[in-house]
Number of protein chains: 2
Amino acid sequence: MYFIGIDIGGMSIKGGIVDNDGNILFKKTIETDLSKSGDGIVDDIVLLIKGLVKDDGLDLSNIQGIGIGSPGSIYDEKGIIRYSCNLPFDNTQIVKIIKDSLKVKNVFVSNDANCAALGETKFGAGKGHKNTFLMTLGTGVGTGFIVDGKILTGNKSAGAEGGHIQINIGGEKCGCGQRGHLEAYASATALMNQIEKAVEKNPTSILAKLYKEEGLNGKIAFEAKKQGCKVAAKVVNKYIKYVGMGLVTLSNLFFPEIIMIGGGVSNAGDDFIKPLQRYVSKNVYGAKYAPKIKVVAATLKNDAGIVGAACLAM
Amino acid sequence: MYFIGIDIGGMSIKGGIVDNDGNILFKKTIETDLSKSGDGIVDDIVLLIKGLVKDDGLDLSNIQGIGIGSPGSIYDEKGIIRYSCNLPFDNTQIVKIIKDSLKVKNVFVSNDANCAALGETKFGAGKGHKNTFLMTLGTGVGTGFIVDGKILTGNKSAGAEGGHIQINIGGEKCGCGQRGHLEAYASATALMNQIEKAVEKNPTSILAKLYKEEGLNGKIAFEAKKQGCKVAAKVVNKYIKYVGMGLVTLSNLFFPEIIMIGGGVSNAGDDFIKPLQRYVSKNVYGAKYAPKIKVVAATLKNDAGIVGAACLAM
């Protein structure tokens, strides 16, 4: 039997046919038509699903379930997308519309970060583990928590906002309006702010040189550090500490077996993951006696959304 | 059918026979004999259980299950108390010893904060809710999280350490050795430190007067504030903010329907709980759209330990 995973984004909507082992057998992508209403976008998703099944030579009767991952505020239990910053959803009854249109029974929706965490846990870096979390470092800090094999959502799916834990009283301003949240220190955006400030103060550093040559991105800090730049080393070490602080706080609560790091910054590989591992191992509560927590880079990368969404239906 | 709940403390061990509705039908307390080994203390608990059953005119066949709550590091799944600061447990196989001694099948152990959270959720302030947490403000900050009706423990029961979330980078030193943890700002001990500092700086304040008359305790700050003391008002308002910061961070993750506050400080009642409610309602992530979170004082008080432990077996 097969499953369908749908990964909704502001630019494109990706769909895939996924088997029981988490392999994507067939993929299809459509543009997100932002001129449409939320219901209109769901109609496009229905067509995408029909196309996926048809092009792969299958029939809807071969599909055991459909899962959808979307950014924004989702009400998992009711199958509703409440709203999403960059998409026209407004209490959109996505699960009902898809069920009615396709006459399929098993349709589920969840936040995209939750889906990615579930996908990574079932078939990616967290395979074999029951308690995990995924932290995605991008424009913001996304988190998904797997507790005893299940997504943690909180009441009416309003929880799991790990980017919005306060790590510093009265600290940096967060996108949500509050101060001192993890996201304001540990997102890729925050890293870029930290790089810009360092470059301004140190215009003759290697970091400043790379900045001029390559433009602003998180990678130049790791690259400049490798080239012996002390300014970059300071930026990177501080950033790792910030991310580590978030991981430790979340670990003291959820105590996962494994933490998975996603997002562009995780491509820095061992230069990023190894010091994070050291920070967590050293600072987690009861470090001497507590069970070990592994810190690894997420592995499903761009496919995490499709595979994770499909996992909702498994 | 009946259940037995055992509440282990550093001074005394309390046991009770609890019915299906969470009522304690019969209670018995023994002194904790700290001259004994961990196994010796468990033998005392076996005698306590036998005594409870006999004195209440029951038979062990009337007991459906036994639950034990203990401070310290517990490995719930294995039924072991790993260690506890003020008790001589050392990987003590408490569940096995009780099962073998009494020939009963359903015996469970968990951390006392977890037990209290479960008890308060099943039969106390959180009755009827599936997602809750209890924060106990005492010497430290204890927390227990109920997710979908079940205790959250994390891998090998090492999690749920809500006192040890970092709220302030490089901030006050915590009992665990780290800096900036919630416990260092929001425990009753922390409040007393905050009072002492304020009294030192303001020796002619009403707060200082009460301090001299009644000695150091959390209540005098609330009392002095009521009497119009501005120094005390500042202490109390700041303390409420610290506790609120912890509640908001934990809410953004767990998004409970209800938060229960326990420990001596919660006896300040509405003067403490109402401003906390306002702080949480205002500052929780997506406050405008998010489901409401109720903040209330725990209600089972001294019985929470016995009732909560009994709940482990229900």
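Criteria and thresholds
Residues numbered from 1 in each chain as written. Chains lettered and ligands numbered in written order. Predicted model: local features only at pLDDT ≥ 70, side-chain atom pairs only at ≥ 80, totals over all residues. Heavy atoms only, no water. Core = buried A, V, L, I, M, F, W, Y, C linked by side-chain atoms within 4.5 Å. Buried < 20%, exposed > 50% of the residue type's maximum accessible area, 1.4 Å probe, protein only. Contact = heavy atoms within 4.5 Å. Helix = DSSP H or I, 4+ residues; strand = E, 2+ residues; numbered from the N terminus. Axes fitted to C-alpha atoms, helices over the stretch in contact; angles between N-to-C directions. Parallel < 35°, antiparallel > 145°, perpendicular 65-115°, else oblique. Nonpolar A, V, L, I, M, F, W, Y, C, P; charged D, E, K, R; others polar. Least-squares fit on C-alpha atoms with pLDDT ≥ 70 in both.

Q: Which residues make up the nonpolar core, and what values do they have?
A: Among the nonpolar cores identified, the biggest contains 112 residues, and L207(A), F272(A), L207(B) and F272(B) are the most heavily contacted of them. In this view, F272(A) contacts L137(A), F222(A), Y239(A), I240(A), V243(A), I261(A), V265(A) and S266(A); residues no more than four positions away in its chain are not counted.

Q: Residue-level account of unusual backbone geometry, with values.
A: All names here are of chain B. Positive phi outside glycine occurs at D148, with the angle close to 55 degrees. Although it is not a glycine, K156 adopts a positive phi angle of roughly 50 degrees. With respect to the helices and strands, K156 occurs in the loop between β11 (150–151) and α4 (183–186).

Q: How would you sum up the packing of helix α3 (residues 112–123) of chain A against helix α10 (residues 304–312) of chain A? Please name residues and give values.
A: The description of two packed helices rests on the angle between their axes and on the distance between the axes. All names here are of chain A. The geometry of α3 relative to α10 is characterised by a closest axis approach of 7 Å and an angle of 85 degrees between their N-to-C directions. Between α3 and α10, the angle is such that the two are roughly perpendicular. Packed against α3, whose contacting residues are C115, A116, L118, G119, E120, K122 and F123, the element α10 presents A304, V307, G308, A309, C311 and L312 at the interface. Tallied by class, the residues present in the contact of α3 with α10 amount to nine nonpolar, two polar and two charged.

Q: For the relation of the copies chain B and chain A, give the residues involved together with the corresponding values.
A: The transform that puts chain B on chain A rotates by 180 degrees and translates by 0.0 Å along the axis, for an RMSD of 0.1 Å. As the rotation angle and translation indicate, the two copies are arranged about a two-fold axis. The share of interface residues of chain B whose copies in chain A are also at the interface is 98%, consistent with both copies meeting through the same surface.

Q: Give me the side chain of T92(A): which residues, what numbers.
A: Assignment of secondary structure puts T92(A) in strand β7 (residues 87–92). Sequence-distant contacts of T92(A), that is, excluding residues within four places in its chain, are made with G38(A), D39(A), V42(A), G79(A), I80(A) and I81(A).

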